[in-house]
Amino acid sequence: MERTLQWRFMPLLALIASFLCVFFSPRSYQATLESGCSLLPHDHYWISSKRIVTPDGLISGAVEVRGGIISSVVKEEDWGRRRRSRVKVIDYGEAVLMPGLIDVHAHLDDPGKSEWEGFPTGTRAAAAGGVTTLIDMPLNSVPSTVSPETLKLKIEAAKKRIHVDVGFWGGLVPDNALNSTALEALLDAGVLGLKSFMCPSGINDFPMTNISHIEKGVSVLAKYRRPLLVHAEIQQESLIEEDGSDSDPRSYLTYLKTRPSSWEEAAIRDLLTVTENTRIGGSAEGGHVHIVHLSDADSSLALLKEAKGRGDSLSFETCPHYLAFASEEIPEGDTRFKCAPPIRDAANREKLWEALLEGDIDMLSSDHSPTKPELKLLSDGNFLKAWGGISSLQFVLPVTWSYGRRHGVTFEQLASWWSEKPSKLARLPYKGAISVGRHADIVVWEPEVEFDLDNDHPVHFKHPSISAYMGRRLSGKVLSTFVRGNLVYGEGKHASDACGALIFAK
Ligand SMILES: *[C@@H]1O[C@H](CO)[C@@H](O)[C@H](O)[C@H]1NC(C)=O
Ligand SMILES: *[C@@H]1O[C@H](CO)[C@@H](O)[C@H](O)[C@H]1NC(C)=O
Ligand SMILES: [Zn+2]
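Just so it is clear, the model here is predicted, and its values are computed rather than measured. (Residues numbered from 1 in each chain as written. Chains lettered and ligands numbered in written order. Predicted model: local features only at pLDDT ≥ 70, side-chain atom pairs only at ≥ 80, totals over all residues. Heavy atoms only, no water.)

Trainee: Is there a simple way to think about the overall build of the protein chain in this case?
Mentor: In terms of regular secondary structure, the protein chain is built from 16 helices and 19 strands. What you see for the protein chain is a C-alpha radius of gyration of 23 Å, in line with the 23 Å of a compact globule of 506 residues. Along the first, second and third principal axes, the C-alpha atoms of the protein chain reach 75 × 50 × 45 Å. The 506 residues of the protein chain split such that 59% are buried. Considering only contacts in the protein chain between residues 6 or more positions apart, those separated by 24 or more positions represent 77%. Of the roughly 20100 Å² of accessible surface on the protein chain, 52% is carried by carbon and sulfur atoms. Put simply, the protein chain has 55 plus and 65 minus side-chain charges, and the middle of one group is 8 Å from the middle of the other. (Helix = DSSP H or I, 4+ residues; strand = E, 2+ residues; numbered from the N terminus. Rg over C-alpha atoms; globule rule 2.2 N^0.38 Å. Buried < 20%, exposed > 50% of the residue type's maximum accessible area, 1.4 Å probe, protein only. Contact = heavy atoms within 4.5 Å. Areas by Shrake-Rupley, 256 points an atom, 1.4 Å probe, with all protein chains shown as cover. Lys, Arg positive; Asp, Glu negative; His and termini not counted. Charge placed at Lys NZ, Arg CZ, Asp CG, Glu CD.)

Have a look at this one:
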């Protein structure tokens with residue numbers, strides 16, 4: 001009932017709002033449209049389609065965009081009457097309109113490692129893939145983002161060089177974890193939350209944290225109501241010799257044995273001693289722990305599910321590569337597939353899909369983690385020496401759809417995993433849905449169109465050759481991407497200027 005009423009009054013409210021805006025601030029309206037930021041020379045327009053994914057379900061109708069904000073969403077029956085206005089209309093026909101994707105886990109490696117990726121190439125790839133917001137990880141750039149000073153370097157590197165909106169996670173490391181002054185300074189500087197590792201990160205200035213560091217970090221974060229993101233693996237005994245002397249390092253199964261699922265399980269058992277404090281009335285109420293890139297769909301998943309059921313403030317993501325690939329299928333010496341935690345077997349992959357479809361896994365993220373080809377594509381195909389990380393930023397929507405449609409995935413589920421839940425994790429209530437008042441962050445795509453990721457396919461991240469997805473046939477072609485109303489990508493072209501906004505927590 002409430003919803004119907006709201007719906008009825010929405011066009012009226014939007015109309016009043018638009019009169020007020022035009023009446024009071026015509027100049028500021030014009031000013032939001034800088035030339036070069038958008039391929040579209042309009043600040044006020046409608047986009048229509050037969051398939052629009054809204055929080056109230058899939059509708060046929062139109063979305064009004066004004067000053068970068070969604071100012072109305074109307075169904076077909078009301079749309080007929082409204083379309084007579086002289087405002088510009090872009091009709092996308094049968095193409096799907098979805099909220100832009102929010103990638104809460106990407107490594108853009110800038111500053112300091114821009115030969116690996118960089119803000120310009122990374123965010124151009126994001127725009128071409130329908131990702132309208134991404135949150136950059138605090139490591140793999142030089143230096144790591146662990147203090148207000150190092151965050152400032154990130155901001156300088158990103159300014160005027162980003163094509164989509166970008167926020168930052170800070171690092172929780174032994175150096176700052178037990179010092180609340182240091183942590184508060186980093187949080188006051190605007191990072192959206194913190195990230196820590198329970199095993200060596202592979203990056204010298206980003207050491208691993210123990211459970212005391214994590215407990216202290218969560219208690220400080222609780223006051224700010226921001227999340228701690230955790231790489232949950234604890235080093236256990238390896239099932240092979242460290243140096244691989246008893247196994248074939250070109251075999252993926254060798255690498256898999258070096259990081260069995262018991263690593264994830266051990267880390268999660270430890271973490272749950274901290275997350276129980278986040279329950280209502282607990283000593284860290286207001287705190288939240290988010291497990292990044294869950295790979296183990298057995299014991300680890302069961303433990304997390306139980307803890308959530310007990311009221312722990314806990315969420316977890318998995319990544320498209322765990323849903324698309326299986327260890328049995330990885331060719332000998334093909335180090336493009338190396339990542340941590342590792343891709344496990346096909347049975348595990350099926351269980352991850354099940355958990356996702358049942359809502360046990362909250363969301364998806366890319367964990368786009370590139371490097372330069374020399375460190376990834378080793379001539380001897382040695383899995384133990386190659387860089388661990390999968391490049392995927394531009395492909396996550398078609399990958400999730402191509403592999404997900406076999407499991408009956410719906411557009412609403414895609415929007416939940418890629419937009420709605422991530423917007424909640426990063427505390428961005430003004431993003432993540434096609435609904436009135438939110439940022440006009442929208443992806444328009446054609447689920448039925450297939451394409452080959454071959455050498456002719458335009459890939460915008462820096463090193464396409466290291467991506468495990470190259471050579472695959474996918475369905476789901478991104479037509480247009482809008483960021484706060486700017487058409488930043490359309491018909492294979494990017495807007496000339498990089499007008500993405502930096503996002504800070506307040
Ligand atoms: C805690 O961090 C602050 C700010 O970085 C620093 O000035 C102070 O020396 C640190 N305290 C300790 C005990 O390390
Ligand atoms: C974690 O490391 C700190 C030193 O940074 C140490 O004081 C503390 O005892 C350690 N905690 C555990 C549980 O090992
Ligand atoms: Zn990562």
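The rest of the description comes next.
Trainee: Even after reading the chapter, I still don't get the coordination of the zinc ion (ligand 3), so can you show me in this structure?
Mentor: In an ideal octahedron of six donors the angles at the metal are 90 or 180 degrees, and in an ideal tetrahedron of four donors they are 109.5 degrees. For the zinc ion (ligand 3), the full set of protein donor atoms is His 105 (NE2), His 107 (NE2) and Asp 367 (OD), and the range of their distances to it is 2.1 to 2.2 Å. Each donor residue of the zinc ion (ligand 3) belongs to the same chain, and together they define the spacing H-x1-H-x259-D. Taking relative accessible area as the criterion, His 105 reaches 0% and is therefore assigned buried. (Donors = N, O, S within 2.8 Å, 3.2 Å for Na, K, Ca; no water.)

Trainee: Quick question: what am I supposed to make of the side chain of Ser 201 here?
Mentor: With respect to the helices, strands and loops of the structure, Ser 201 is situated in the loop between strand 10 (194-197) and helix 8 (211-224). On the basis of relative accessibility, which here comes to 18%, the residue Ser 201 falls in the buried class. A polar contact is formed between the side chain of Ser 201 and the backbone nitrogen of Ile 203, at a distance of 3.1 Å. With near-sequence residues (within four places) excluded, Ser 201 lies in contact with Leu 139 and Phe 206. (Polar contact = N/O pair within 3.5 Å; in protein donor to acceptor, adjacent residues only side chain to side chain.)

Trainee: Help me out: how do you make sense of the packing of aromatic side chains in this one?
Mentor: Between two aromatic rings, the relevant description is the distance of the centres plus the angle of the planes. Per the stated rule, a full pass over the model turns up 14 aromatic pairs. With 6.3 Å between their ring centres and 75° between their planes, Phe 395 and Tyr 469 make a pair best called edge-to-face. Pair noted here: Phe 395 is in the loop between helix 14 (373-376) and helix 15 (396-404) and Tyr 469 is in the loop between strand 15 (442-452) and strand 16 (473-483), with a separation of 74 residues, a long-range link. For Phe 395, a relative accessible area of 1% corresponds to the buried category. When its relative accessible area of 0% is taken as the criterion, Tyr 469 is described as buried. With centroids separated by 5.7 Å and ring planes inclined at 80°, the aromatic side chains of Trp 401 and Trp 445 adopt a geometry described as edge-to-face. Note that Trp 401 is positioned in helix 15 and Trp 445 in strand 15, a separation of 44 residues in sequence. Trp 445 matches Trp 401 in its accessibility class, with the two residues each being buried. (Phe/Tyr/Trp six-rings, centres within 6.5 Å; stacked < 30°, edge-to-face > 60°.)

Trainee: Teacher, can you tell me more about the side chain of Ser 72 here?
Mentor: Residue placement: Ser 72 occurs in strand 3 (residues 69-75). A relative accessible area of 1% means that Ser 72 is categorised as buried. In this structure the side chain of Ser 72 is engaged in a polar contact, spanning 2.6 Å, whose partner is the side chain of Glu 64.

Trainee: Would you take a moment to explain the site of ligand 2 for this structure?
Mentor: Near ligand 2, the surroundings consist of Asn 210, Ser 212 and His 213. Contact between ligand 2 and His 213: an oxygen atom at 2.9 Å from a side-chain N or O atom of the residue. Taking 370 Å² as the accessible area of ligand 2 by itself, protein coverage stands at 39%. (Near = heavy atom within 4 Å.)

Trainee: Could you clarify how one ought to interpret the sheet that holds strand 6 (residues 101-106) in this entry?
Mentor: Strand pairing in a sheet takes place through backbone hydrogen bonds and is either antiparallel or parallel in direction. Strand order in this open sheet of four strands is 6-7-8-19, and the pairing throughout is parallel. Whereas interior strands pair on both sides, the edge strands pair on one side only; in this sheet they are strand 6 and strand 19 (502-503). In this structure, strand 6 lies alongside strand 7 (residues 131-136), joined through four bridges in parallel fashion. Residue pairing across strands places Ile 102 opposite Thr 133, the latter belonging to strand 7. (Pairing = 2+ DSSP bridges.)

Fair warning: the whole summary comes from geometry, so function is off the table for now.
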